[in-house]
Amino acid sequence: MATNSKLHNIWSTIDACRLCGSSELRGVLDLGAQPPANSLRRSRDDAPPVAPLKLVQCADCSAVQLTATVDPAYLFSKYVWVTATSATARAYSAVFCNEVLKRISKPSPFVVEVASNDGTFLSRFKDKGCNILGIDPAKNIAATATAAGIPTLSEFFDEKVADSILARSGQPQVVIARNVIPHVKEIHSIVKGIAKLVGADGTAAIEFHYAKAIVDELHYDSIYHEHLFYFSLKSLTNLFAKYGLQAFDVFASPISGGSLVIFFSANALEPSAALKKLSETENKANLNDLSVWRQFGKASERHAQELKQLVARYAKISPLIAYGASARSSTLMNFSGISNKEIECVIDRNPLKHGLLTPGTDIPIVSYQGGQKRLDGKAILLLAWNFEDEVVSDLRSIGFKGDIIVPLPHKIHIR
C-alpha cells in the first residue's frame, strides 16, 4: 500500500480489492488528482490536499472501487452535508420510514441508524413511537441531532461499537445504513457490526447509489473520495452474504439521482418478485462486466469536455452562477476544468458552507438570498442536478427567466 507523505499522509492507495483481496484491479476511469470533495476553506492561500481519483474494477468479484483511501477522520469528523437541507430528502424520509415499518412485524421497534447525520430519518421513526439511536462520526452534526431530541453517538461505527450498543441498549429490530456502506474504509468490520446488531431476527435496510443508475445516466460526478465503492446488486449482496445476511426485498429511492434500498435478514427469506426482477435486469445489462464500465469511462470524458465548452461559451457573455456546492459538484467542475474564471459564485442553502471556497476551483459559496441578488442577466449551472425539479421550480417562482444548464442525467440540457 502506497502513501503520500507530502500531503500530510491523508491518503494511501490499494494494491488489492477491498472486498475479496484479489490483486487483479482493472482501470475504468481516471479523473486526475483532486482535493477531497468537501475540502471547503475560507482562504485561497489555504490550498487543500489532493489525492488520486481513479476508478477500478476487481476482475474476480467485480466490485468497482477507488484506488485511493483518504483518512476517514479528515473526511467525516467535521461534516458539512446536513440531510434536512434538501426538501426532497425530507419528503422521502417519510416514505422510507413507511417502507421499512411495513416489512417489520413488531410494533414500535428499536431502530438504530448508522451514519444518521442530523437525525432527519430517525425522527420519522420517533414520530411513529419507535425507540431510536443514531451513530455518526461528525461531532458537530451528532451534537445538533442530540440537542434536537435524536440521541446520537459520535463514533465511527464498527464491530466494537455494535458490541457496545448491544451491551448497553439490547438488540435492535431494525438497522438502517443509508448511503454509508459505499463510504467506509473498514467495510468488513462495519458489515460484521451490522450483522451483530441484526442478530437472528432483525432486519437491515441498506441504501446506496445504484451502479446501474451511475452507468446508465452517466453519474461520474458521484465519483469522489468519500465514495470508495460503486455497488451493483451482485457486489453488495455478495458482501453481506459473507456475514450471514441474505437479501430478501428492495425498493427504489430518489436520492442521489437513483438509489436502491435492499433489505437483509439472517433468515433465508424468499426473495421478493421485485428483487428477482432487479437481479434479472442487472444480469441482462451486463452491469458487472468491465467493458460496460469502460464504456461509461469514455462517455464521461466526452461529457466533461462538452460541458466545459458550453460553460466557456456562456462565460464569454457573462460569468455564470452555479447552484449547489455539493460534493459531487466538486468532481464535476474539477474534472471538466470549470473554475472561478467561468463561475462567479455558487448558491447553496446550507449555512455551514457560506463564506467558504469550493475545493480546487476556488469559487465563493453564497447563501440563497445572497445569490438572488446576482442573478440578473446570468445563466445558472445547476450542479445539484439530482434535485432539478425542486430547484428549477424554486428559481422560476422568484422570477428568474434565464437559462438553467442542467448537466446530467444522460446529457446536458437547458431549462
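Residues numbered from 1 in each chain as written. Predicted model: local features only at pLDDT ≥ 70, side-chain atom pairs only at ≥ 80, totals over all residues. Heavy atoms only, no water.

For this particular structure, what's the right way to read the state of the cysteines?
Throughout this description, disulfide means a covalent bond between two cysteine sulfur atoms. For the coordinates displayed, the defined rule picks out zero disulfides. Free of any disulfide, C58 has its nearest neighbouring cysteine sulfur in C20, separated by 3.6 Å. Of the residues examined, C58 reaches a relative accessible area of 1% and is grouped as buried. (Disulfide = S-S within 2.5 Å. Buried < 20%, exposed > 50% of the residue type's maximum accessible area, 1.4 Å probe, protein only.)

Where do I start with helix α3 (residues 120–127) in this structure?
At 3.6 residues per turn, the α-helix brings residues three or four places apart onto the same side. Considered for burial, the residues of α3 that qualify are T120, F121, L122 and F125. Next to the buried residues of α3 lie α2 (87–101), β7 (110–114), β8 (131–135) and β10 (174–178). In the segment just after α3, G129 is the residue with positive phi, at about 90°. (Helix = DSSP H or I, 4+ residues; strand = E, 2+ residues; numbered from the N terminus. Contact = heavy atoms within 4.5 Å.)

Before we go on, may I ask you to explain the side chain of S339 in this structure?
Relative to the helices and strands, S339 resides in the loop between α11 (327–336) and β16 (343–347). Judged by relative accessible area, S339 falls into the buried class, the value being 18%. With residues near it in sequence (within four places) discarded, S339 still touches T361 and I363.

Would you mind going over the packing of aromatic side chains with me for this structure?
What describes a pair of aromatic rings is the distance from one ring centre to the other and the angle between the planes of the rings. Counted by the stated rule, this structure contains 14 aromatic pairs. With a centroid separation of 5.7 Å and an interplanar angle of 65°, the aromatic rings of Y92 and F121 are classed as edge-to-face. Of the two residues, Y92 is situated in helix α2 and F121 in helix α3; the sequence distance between them amounts to 29 residues. A ring pair is formed by F240 and F264, whose centres lie 4.5 Å apart and whose planes are at 20°; its orientation type is stacked. In this pair, F240 sits in helix α8 (residues 233–241) while F264 sits in strand β14 (residues 259–265), placing the two residues 24 residues apart along the sequence. One exposure class covers both F240 and F264, and it is buried. (Phe/Tyr/Trp six-rings, centres within 6.5 Å; stacked < 30°, edge-to-face > 60°.)

Which parts of the structure should I look at to understand the pattern of salt bridges?
Side chains that differ in charge, positive against negative, can pair when their charged atoms come close. Taken as a whole and assessed by the stated rule, the structure comprises 15 salt bridges. Salt-bridge contacts for D216 lead to K212; the nearest nitrogen and oxygen are separated by 2.6 Å. In this pair, D216 and K212 both sit in helix α7 (residues 211–217), four residues apart, roughly one turn of the helix. Of the residues examined, K212 reaches a relative accessible area of 18% and is grouped as buried. A salt bridge links E344 to K378; its shortest N-O distance comes to 2.8 Å. Of this pair, E344 sits in strand β16 while K378 sits in the loop between α12 (368–372) and β18 (380–382), and the two are 34 residues apart along the sequence. Under the relative-accessibility criterion, E344 is labelled partly exposed at 27%. Because the salt bridges share partners, they merge into one network encompassing E99, K102, R103 and D249. (Salt bridge = Lys/Arg side-chain N within 4 Å of Asp/Glu carboxyl O.)

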